[in-house]
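Coordinates in review
The chain contents come next:
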Amino acid sequence: MSGIVIANEEDRIFLCRMVMDAKPGTLIEMHVDLASEAQRKKMWAMLGEVSKQVPHVDMNGNTKFYAPEQWKLLMMHACGQEVEMMPSLDGSTFLPYEGRSSKMKAVDMGELLAFIEAWGVQNGVEFSR
């Protein structure tokens, strides 16, 4: 079982039983008020608009259009969300390997969406509603 959303008292009791029956060493994670499906859809729509309309300028002054997934990591990092990095095989640079928007709290997703919109407006992105 990957997760339980507590919707009522029966769910709460079921979860308590599961915790009481858990063996030592069992890892239990709880997430409060995760971002909604509507928020995630809006994020991907906005990132799609950004990826089509704005080239990103790298440290060498080169411009390139990035995919929405790449923009997500850039925006999450700019918003202070954790984006994990690892060194390239030759050790010459670092690459992002994880930035989990699916685990973000609703309030954090709201801040990310507001940031994407503000950044997009400042950079000439025309968002469709």
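These numbers were taken from a predicted model, which means no experiment stands behind them.

1. Digging into the environment of leucine 34
In this structure, leucine 34 sits in the loop between α1 (9-21) and α2 (37-53). On the accessibility criterion, leucine 34 (34% relative accessible area) is partly exposed. Sequence-wise, leucine 34 and methionine 46 are 12 residues apart; in three dimensions their C-alpha atoms are separated by 19 Å. In contact with leucine 34, other than residues within four places in its own chain, are Ser102, Lys103, Met104, Lys105 and Ala106.

2. A short note on α2
Between the first and last C-alpha of α2 there are 25 Å, a value that for 17 residues agrees with the 24 Å anticipated at 1.5 Å per step. Residues of α2 that are buried: Gln39, Met43, Met46, Leu47, Gly48, Glu49, Val50 and Ser51. On its buried face, α2 is in contact with α3 (68-78) and α4 (106-122).

3. Structural notes on the packing of aromatic side chains
Summed over the entire model, instances satisfying the criterion amount to 1 aromatic pair. When the ring of tryptophan 71 is compared with that of tryptophan 119, the centres are 5.2 Å apart and the planes differ by 55 degrees; the resulting orientation is tilted. Of this pair, tryptophan 71 sits in helix α3 while tryptophan 119 sits in helix α4, placing them 48 residues apart in sequence. Here tryptophan 71 falls in the buried class, since its relative accessible area comes to 2%.

4. Some remarks on the pattern of salt bridges
Side chains bearing opposite charge may pair, as long as their charged atoms lie close to each other. Following the criterion strictly, the structure yields 2 salt bridges and no others. Two residues, glutamate 9 and arginine 12, come together in a salt bridge whose shortest N-O distance is 3.4 Å. A residue pair is termed a helical-turn pair when its members lie 3 or 4 positions apart in one helix, as glutamate 9 and arginine 12 do in helix α1 at 3 residues. A residue is classified by how much of its surface remains accessible, and glutamate 9, at 48% relative accessible area, is partly exposed. Given the relative accessible area of 43%, arginine 12 is considered partly exposed.

Rules of the game
Residue numbers here run from 1 along each chain, matching the order of that chain's written sequence. In keeping with the model being predicted, local features are shown solely for residues with a pLDDT of at least 70 and side-chain atom pairs are shown and tallied solely at 80 or more, while totals for entire chains, interfaces and linings include all residues. Water and hydrogen atoms were dropped before computing side-chain values, which therefore reflect all heavy atoms in the structure. Think of it this way: any DSSP run of H or I at least four residues long counts as a helix, any run of E at least two long counts as a strand, and we number them from the N terminus. Buried means the residue's accessible area, taken with a 1.4 Å probe over protein chains only, is under 20% of the maximum for its type, while exposed means over 50%, and partly exposed covers the values in between. Contact criterion: two residues are considered in contact whenever any of their non-hydrogen atoms come within 4.5 Å of each other. Multiplying 1.5 Å by the helix residue count minus one yields the expected span of that helix. To pair, rings of Phe, Tyr and Trp, with the six-membered ring standing in for Trp, must have centres within 6.5 Å; the planes then decide the type, stacked if under 30 degrees apart, edge-to-face if over 60, and tilted in the middle. Salt bridge, as used here: a side-chain nitrogen of Lys or Arg that lies within 4 Å of a carboxyl oxygen of Asp or Glu.

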